[in-house]
Amino acid sequence: MNDPHGWYTVAAILGAAGLWMLLPPGHGRRRWLGALPLVAAGGLILGQSPWLQSWAAELVFGSMALVALVGAVGTIAARQPVYCAAWFALSVAGTAGLMLVNWAELLAAAILIVYAGAILVMFLFVLMLSQPDGRAAHDRNGWEPLVSAATGAVLVGVLTMNIAAASTRADGQFPAARQAIHSASAENNGTAPTARLDATTATPDRSAAAETDRPNQATAFSVARLGAELFSRHLVAVEVAGVLLLVALVAATVIIGPARRRDPG
Amino acid sequence: MNIELAWLERNLLLGAMLFGIGLVGAICRRNLIVVFLSIELVFQGVALSWVGWARWHGNVDGHVFVVFLIAVAACEAAIALALFVTIYHHWGRLDVLLGRQLREADLPEMESAIADDSVEQAPAPRWPRLPPAGVPPQVDPQSLNQRDRI
């Protein structure tokens, strides 16, 4: 089977079988055997993808991807909601590591602080209010695990096949496509309002960033550059997001607030 | 294959897998909190794809998207937690199937293979049994509202 589509199909079927075994209600202790086909599926999908050209990059990416995927599967497979939250924190750590590898330092920190720090701790408070021990029927029973695993397998299978095919297509015309992208972004850079800010935030020009040498690439994604973009081109959106957060705060207070007294006397 | 293209493909593949796992959890799990965590997994898959595209294009537009994604996720968490606390006060559990009660009174209940909750129940914890002796204690009516009595 030299056709990569065949391997992606096999991976999707294996992943569906593994998830079906792991998801509640499952088959008692034997449900953890479902981890084996899942590992095989993840290995097949990532093994088909191109080589990162250095063992160090492969090692870092592979370990972070493993942490993120294992945490994700544990989140949806664990019976006790507290364990779900702990697995989710592990998955967030893996994702933050991947963002760090992809030069998104601020986002790695933000996703750790916001998800693992704030949202997860709030959820643990709510979990302490409700049944934390996982003995409730709705923790031990699933809603159509076979159908949902098959749905996820179809989605992941189609996505991975399309990504791989598009990547293979792009590889043939790579220099031209890449050149077009970066000449276009260099033009935008000249006319965008960030150009003034760029001069003061020690940002290199885009053509230098287009090369694959690491120091230039790291500074192209610097936090200063992200801040300059956020507060110039996306200033209105930032303000709207602030208003949205305020509205959410007020709404949560109203939803959870004390019952109003209808009679004034 | 060029290394940046390889990184883009890796990031997109991993984002797709995280998205799929989160989707499966959101469909299958019945605890509202776990469903919410699954949706956050979907968000993480999308965020990873955006970061991968930002790396490929050499600009920070994808990072900007992720910043707004985090803001929206925080809003969603606030609203969801308020709703969960309200639902728990109202019904006493955080089960997705409670949504079946949101129907007209003369309509039949939705059919499902697992709606009878008879598949697997956890063994209850074994408490020591003591012989009755002395005066029976007065039950505090306030304690009947506590968690393990509901």
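Use the structure listed above.
What comes next is a walk through the structure. It should be emphasised that the depicted structure is a prediction, and the values quoted were computed from it without experimental measurement.

A separate point is the overall build of chain B. A tally of regular secondary structure across chain B gives three helices and zero strands. Sequence-ordered secondary structure for chain B, helices as α and strands as β, is α-α-α. For chain B, with 150 residues in total, the buried portion stands at 51%. Counted over contacts in chain B with a minimum sequence separation of 6, partners at least 24 positions apart contribute 57%. For chain B, the accessible surface area stands at approximately 7,800 Å², while carbon and sulfur atoms represent 62% of it.

With that settled, the discussion passes to the overall build of chain A. Helix and strand content of chain A: 13 helices and zero strands. Mapped in sequence order, the helices and strands of chain A form the string α-α-α-α-α-α-α-α-α-α-α-α-α. Burial analysis of chain A (265 residues in total) assigns 42% to the buried set. Once local pairs closer than 6 in sequence are excluded, the contacts in chain A between residues at least 24 apart make up 59%. Total accessible area on chain A stands at roughly 13,500 Å², and carbon and sulfur atoms take up 70% of it.

Further remarks concern the environment of A:Gly97. Residue and element names in this part refer to chain A. With respect to the helices and strands, Gly-97 occurs in helix 4 (residues 81–101). Residue Gly-97 is classed as buried on the basis of its relative accessible area of 11%. Measuring from C-alpha to C-alpha, the distance between Gly-97 and Ala-40 comes to 23 Å, with 57 residues separating the pair along the chain.

Looking now at the nonpolar core. The tendency in soluble globular proteins is for nonpolar side chains to be buried as a group. In this structure, A:Phe61, A:Met99, A:Tyr115, B:Leu14 and B:Phe84 are the most contacted members of the largest nonpolar core, which totals 82 residues. The contacts of A:Tyr115, once residues within four sequence positions are left out, are A:Phe88, A:Val92, A:Ala110, A:Leu120, B:Glu40, B:Phe43, B:Leu69, B:Ile70 and B:Ala73. A:Trp103, A:Phe221, B:Val64 and B:Phe68 belong to the second-largest nonpolar core, a separate cluster that totals nine residues.

Residue and element names in this part refer to chain A. Given a rise of 1.5 Å per residue, 22 residues ought to cover 32 Å, and the 32 Å separating the end C-alpha atoms of helix 13 (residues 235–256) matches this to within 8%. Along helix 13, the residues classified as buried are Ala-241, Ala-248 and Ala-252. End-on view of helix 13: buried residues confined to an arc of 30°, all on one side of the axis. Turned more than 90 degrees from where helix 13 packs its buried face, Val-236, Val-240, Leu-246, Thr-253 and Val-254 sit exposed.

The subject of this paragraph is the packing of helix 3 (residues 55–77) of chain A against helix 1 (residues 3–28) of chain B. Contact pair helix 3 of chain A / helix 1 of chain B: the axes reach a minimum separation of 9 Å and the direction vectors enclose 10°. With respect to their mutual orientation, helix 3 of chain A and helix 1 of chain B come out roughly parallel. Contacts between helix 3 of chain A and helix 1 of chain B involve A:Ala57, A:Glu58, A:Phe61, A:Ala65, A:Ala68, A:Leu69, A:Ala72, A:Val73 and A:Ile76 from the former and B:Trp7, B:Arg10, B:Asn11, B:Leu14, B:Met17, B:Leu18, B:Ile21, B:Val24 and B:Gly25 from the latter. By residue class, the composition of the contact of helix 3 of chain A with helix 1 of chain B is 14 nonpolar, two polar and two charged.

A separate point is the interface of chain B and chain A. The interface of chain B with chain A comprises 88 residues on the first partner and 104 residues on the second. A combined buried area of about 9,000 Å² lies between chain B and chain A, and 73% of that area is made up of carbon and sulfur atoms. Connecting chain B to chain A are two salt bridges. For A:Arg233, the salt bridge identified is with B:Asp61, shortest N-O distance 3.3 Å.

Along an α-helix, residues three or four positions apart point the same way, because every turn accommodates 3.6 residues. Look at helix 2 (residues 35–48) of chain A: 20 Å from first C-alpha to last across 14 residues, which is about the 20 Å you get at 1.5 Å a residue. Among the residues of helix 2 of chain A, those classed as buried are A:Pro37, A:Leu38, A:Ala41, A:Gly42, A:Leu44, A:Ile45 and A:Leu46. If you follow the buried residues of helix 2 of chain A, they end up packed against helix 1 (4–22), helix 3 and helix 7 (145–172) of chain A together with helix 1 of chain B.

Bringing a nonpolar patch on the surface into the picture now. Residue and element names in this part refer to chain A. Nonpolar side chains collect at one region of the surface, where Val-82, Tyr-83, Val-121, Leu-124, Phe-125 and Met-128 lie side by side and expose about 550 Å² of accessible area between them. Mapped onto the nonpolar patch, the elements with two or more residues apiece are helix 4 and helix 5 (105–129). With four residues, helix 5 is the largest single contributor of residues to the nonpolar patch. As for its placement among the helices and strands, Val-121 is situated in helix 5.

With that settled, consider the packing of aromatic side chains. Here a ring pair, both rings aromatic, is described through the centre-centre distance and the interplanar angle of the planes. Under the definition given, this model contains seven aromatic pairs over all chains. On the numbers, 6.3 Å between centres and 65° between planes, the contact of A:Phe123 with B:Phe84 is edge-to-face. Here the residue A:Phe123 occupies a position in helix 5, and B:Phe84 occupies one in helix 3 (residues 61–91), the pair thus bridging two chains. The pair formed by A:Phe123 and B:Phe84 is uniform in burial state, with each residue classed as buried. The ring of B:Trp7 has B:Arg55 lying over it, and the distance from NZ or CZ to the ring centre is 4.4 Å.

Our next topic: the environment of B:Gly92. Tracing the chain through its elements places B:Gly92 in the segment after helix 3. Distance from B:Gly92 to B:Asn145, taken between C-alpha atoms, is 10.0 Å for residues 53 residues apart in sequence.

A few words now on unusual backbone geometry. Residue and element names in this part refer to chain A. Phi is positive for Trp-103, close to 70°, though the residue is something other than glycine. If you trace the backbone, Trp-103 turns up in the loop between helix 4 and helix 5. Trp-103 sits in the buried class, given a relative accessible area of 15%. Its identity as a non-glycine residue notwithstanding, Glu-144 has a phi of 50°, on the positive side. For Glu-144, a relative accessible area of 29% corresponds to the partly exposed category.

What counts, and at which threshold
- Residues numbered from 1 in each chain as written.
- Chains lettered and ligands numbered in written order.
- Predicted model: local features only at pLDDT ≥ 70, side-chain atom pairs only at ≥ 80, totals over all residues.
- Heavy atoms only, no water.
- Helix = DSSP H or I, 4+ residues; strand = E, 2+ residues; numbered from the N terminus.
- Buried < 20%, exposed > 50% of the residue type's maximum accessible area, 1.4 Å probe, protein only.
- Contact = heavy atoms within 4.5 Å.
- Areas by Shrake-Rupley, 256 points an atom, 1.4 Å probe, with all protein chains shown as cover.
- Core = buried A, V, L, I, M, F, W, Y, C linked by side-chain atoms within 4.5 Å.
- Expected span 1.5 Å × (residues − 1).
- Arc of directions from axis to C-beta.
- Axes fitted to C-alpha atoms, helices over the stretch in contact; angles between N-to-C directions.
- Parallel < 35°, antiparallel > 145°, perpendicular 65-115°, else oblique.
- Nonpolar A, V, L, I, M, F, W, Y, C, P; charged D, E, K, R; others polar.
- Buried area = accessible area lost by both parts, 1.4 Å probe.
- Salt bridge = Lys/Arg side-chain N within 4 Å of Asp/Glu carboxyl O.
- Patch = residues over 30% accessible without salt bridge, like charges linked within 9 Å, V, L, I, M, F, W, Y side chains within 5 Å.
- Phe/Tyr/Trp six-rings, centres within 6.5 Å; stacked < 30°, edge-to-face > 60°.
- Lys NZ or Arg CZ within 6 Å of the ring centre and 35° of its normal.

Everything listed is a geometric property; what it means functionally is a separate question.
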